[in-house]
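Now for the letters of each chain:
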Amino acid sequence: MSNTDIDRMRRRLKPFNKVIVALQRAGLALGTMRVLSVPGRKSGELRTTPVSPLTVDGITYVVGGFEQADWVKNARAAGWGELARGRRRHRVILTELPVEERAPILRAFPREVPHGVQFFVKTGVITSPDPDSFAAAAPRCPVFRIDRAPEE
């Protein structure tokens, strides 16, 4: 997917993302949706995006549809963020998995986050909604392990 396509997709998603974030901040948690806030690479200000974490073998992960998405770049740079469900939020450590460890997590995505599958198909990130198609996207789909940060 070209940068122009990603920019076009980002513009289309922006209003939807704002609604999800507003509903979460109002205390309305929607399904598996959470809000991830990560410090910006330049400003250091928290930048917020909706995500749908999934749990595999007791470990929580979040999948990025676009490797060049700002939240992905920010997560790589910062290594931490805040994850919120409704008004409850907690600090988390974000650790990106190497490409060779992503496939099992991506393979579980259609089962664990079925409402998120169409996003990946419609955006062309994957070719079909089956688990093997998700696993094949490992080189271009960042996956972050989410660990709760120790209380300060």
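Placed above this text is the structure.
Everything numeric in this text was worked out from a predicted model, so none of it was measured.

Draft legend 1. Geometry of the overall build of the chain. Looking only at helices and strands, one finds five helices and seven strands in the chain. Sequence separation of 24 or more characterises 64% of the internal contacts of the chain that already satisfy a separation of 6 or more. Of the roughly 8500 Å² that the chain leaves accessible, carbon and sulfur atoms contribute 52%.

Draft legend 2. The arrangement of the layout of surface pockets in detail. Considering only enclosed or pocket space, the second largest pocket measures out at about 320 Å³ in volume. Along the walls of the second largest pocket sit 17 residues, with Arg34, Pro53, Thr60, Leu83 and His90 positioned nearest its centre. Every element with two or more residues in the lining of the second largest pocket is listed here: β3 (54–56), β5 (80–85), β6 (88–96) and β7 (143–148). Classifying every residue of the lining of the second largest pocket gives six nonpolar, four polar and seven charged.

Draft legend 3. Fine view of the nonpolar core. Counting 33 residues, the largest nonpolar core has Leu36, Leu54, Trp71, Leu94 and Phe120 as the members making the most contacts within it. Counting residues per element, the ones that place at least two in this core are β1 (34–39), β3, β4 (59–63), α2 (70–78), β6, α3 (99–112), α4 (117–122) and β7. For this core, the leading source of residues is α3, giving four residues.

Draft legend 4. Looking closely at the environment of tyrosine 61. By the element assignment, tyrosine 61 lies in strand β4. Spatially, the C-alpha atom of tyrosine 61 lies 9.4 Å from that of glutamate 96, the residues being 35 residues apart in sequence. In this view, tyrosine 61 contacts Pro53, Leu54, Val56, Leu97, Ile105, Val143, Phe144, Arg145 and Ile146; residues no more than four positions away in its chain are not counted.

Draft legend 5. Highlighting unusual backbone geometry. One non-glycine residue, aspartate 57, adopts positive backbone phi at about 50°. Examined against the element boundaries, aspartate 57 turns out to sit in the loop between β3 and β4. Residue aspartate 57 is classed as exposed on the basis of its relative accessible area, which comes to 74%.

Draft legend 6. Region of interest: the pattern of salt bridges. Summed over all chains, the structure comprises eight salt bridges. The salt bridge involving glutamate 96 is made with arginine 76; its shortest N-O contact spans 2.8 Å. Of this pair, glutamate 96 sits in strand β6 while arginine 76 sits in helix α2, and the two are 20 residues apart along the sequence.

Draft legend 7. How the structure looks around the sheet that holds β5. Within the open sheet, the seven strands sit side by side as β2-β1-β5-β6-β7-β4-β3. Their pairing is antiparallel. Single-partner strands in this sheet number two, and they are β2 (46–51) and β3. Strand-to-strand, the axes of this sheet are offset by a mean angle of 40°, without reference to chain direction. Sheet topology note: the β1/β5 ladder contains three bridges and is antiparallel. Pairing of leucine 36 across the sheet is with leucine 83, part of β5. Here α2 sits on the sheet in contact with β1, β2, β4, β5, β6 and β7, set at roughly 60° to β1.

The rules behind these values
- Residues numbered from 1 in each chain as written.
- Predicted model: local features only at pLDDT ≥ 70, side-chain atom pairs only at ≥ 80, totals over all residues.
- Heavy atoms only, no water.
- Helix = DSSP H or I, 4+ residues; strand = E, 2+ residues; numbered from the N terminus.
- Contact = heavy atoms within 4.5 Å.
- Areas by Shrake-Rupley, 256 points an atom, 1.4 Å probe, with all protein chains shown as cover.
- 1 Å grid on protein atoms, 1.4 Å probe; cavity = no way out; pocket = protein on both sides within 12 Å on 5 of 7 lines; lining within 4 Å.
- Points joined across faces, edges and corners; volume = space filled by probe spheres on them.
- Nonpolar A, V, L, I, M, F, W, Y, C, P; charged D, E, K, R; others polar.
- Core = buried A, V, L, I, M, F, W, Y, C linked by side-chain atoms within 4.5 Å.
- Buried < 20%, exposed > 50% of the residue type's maximum accessible area, 1.4 Å probe, protein only.
- Salt bridge = Lys/Arg side-chain N within 4 Å of Asp/Glu carboxyl O.
- Pairing = 2+ DSSP bridges.
- Axes fitted to C-alpha atoms, helices over the stretch in contact; angles between N-to-C directions.

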